[in-house]
Amino acid sequence: MIHEIIPVGMLQCNCSVFGDEQTREAIVVDPGDDIARVLDVVQRHGLKVKAIVITHAHIDHIGGAQKLKLATGAPVYMNQNDIELQRMMDVQAGWLGTRTPEAVEIDSDAKDASVLAIGATDFHVLHTPGHTQGSISLWIPSEGKLVAGDTLFFDSIGRTDLPGGDGRQILQSIHEKLLPLPEETVVIPGHGPNTTIGREKQLNPFL
Ligand SMILES: [Zn+2]
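Since the structure is predicted, the reported quantities are computational estimates derived from the model, not experimental observations. (Residues numbered from 1 in each chain as written. Predicted model: local features only at pLDDT ≥ 70, side-chain atom pairs only at ≥ 80, totals over all residues. Heavy atoms only, no water.)

A word on the sheet that holds strand β14 (residues 195–196)
Line of reasoning, step 1. Sheet architecture is open: 6 strands sit in the order β7-β8-β9-β10-β13-β14, paired in mixed fashion. Strand pairing shows two members of the sheet lacking a second neighbour, β7 (115–118) and β14, which therefore form its edges.
Line of reasoning, step 2. Bridge analysis of strand β13 (residues 186–189) against β14 gives 2 bridges, and the strand direction is antiparallel. Across the sheet, residue Val-187 finds its bridge partner in β14, namely Thr-195. (Pairing = 2+ DSSP bridges. Helix = DSSP H or I, 4+ residues; strand = E, 2+ residues; numbered from the N terminus.)

Written out as C-alpha cells, the structure is:
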C-alpha cells in the first residue's frame, strides 16, 4: 500500500494519501489545505481518488475538502454528528483569522463500524467522540495502522475545550475503541509525529 503523510496548512494537519498498488484507487484523509500538494502526490503515483474521509469538521482538517472533491469527483465521508460544527466554518475561520473555505457537500455518513475499501484493503470507521461529537478514527488492520484524527497524539490527547468537546467522552473513546487495538498498531495522529498504541498505553500521561 502506498501511504504518504503531507502536513498541510497553517496548523500542519497530517493529510494521508493511501493508494492501492494494484487497482490504483486512493483514499485521502483530512485534506485541510494545500490541495495542489495533495494532488501532486496523487498524480505522481497515478492514483484515482475513490473517497475523501474527514476525521472531524475542524477547519484545519476539512478546509480543502471541496477543492479536492471538485478536482477528483470523489465523494466526501464525514460523521453526521459533526454537521453542526461544519456549519460553523465562518466562526472557525475567525478563530484562526483566516478566510472561510468553500463549503463542502458531504456525500456519506461515516458511521461507526462502516468499512471503506481500496483494492483488498479495508478501512474501518471507529466513532471516537470527545474532541468533537463526530470525531472518527480509521483503522486499517491489514496495514497495522490507525489514523486517529485529533483524538490521540504522541504523548497527548485531543483538546476538549472547543464547541462539541467533552473531556470524559474522549477518554472513554480512547479506552474503549483505541487502546484495545494491537499494541504494534502505528498511530498517525492529526498533527505531529506517529506513535503506536503500545507506546501511548504505556507512556501517555493523559491516559
Ligand atoms: Zn481538531
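The discussion continues.
Section: helix α5 (residues 89–96)
Spacing of three or four residues puts side chains on the same side of an α-helix, whose turn is 3.6 residues.
Line of reasoning, step 1. Considered for burial, the residues of α5 that qualify are Met-89, Gln-92 and Ala-93. Projected down its long axis, α5 shows its buried positions confined to an angular sector of 105 degrees, all on one face.
Line of reasoning, step 2. In this structure, the buried side of α5 is in contact with α2 (59–62) and α4 (83–86). (Buried < 20%, exposed > 50% of the residue type's maximum accessible area, 1.4 Å probe, protein only. Arc of directions from axis to C-beta. Contact = heavy atoms within 4.5 Å.)

Here we look at the pairing of strand β9 (residues 136–140)
Line of reasoning, step 1. When you tally the buried positions in β9, you get 4 out of 5 residues, the bulk of the element.
Line of reasoning, step 2. Looking at chain direction, strand β8 (residues 121–127) and β9 are connected through 4 bridges and run antiparallel. Considered in β9, the bridge of His-124 is made with Trp-139.
Line of reasoning, step 3. Bridge analysis of β9 against strand β10 (residues 145–149) gives 3 bridges, and the strand direction is antiparallel.

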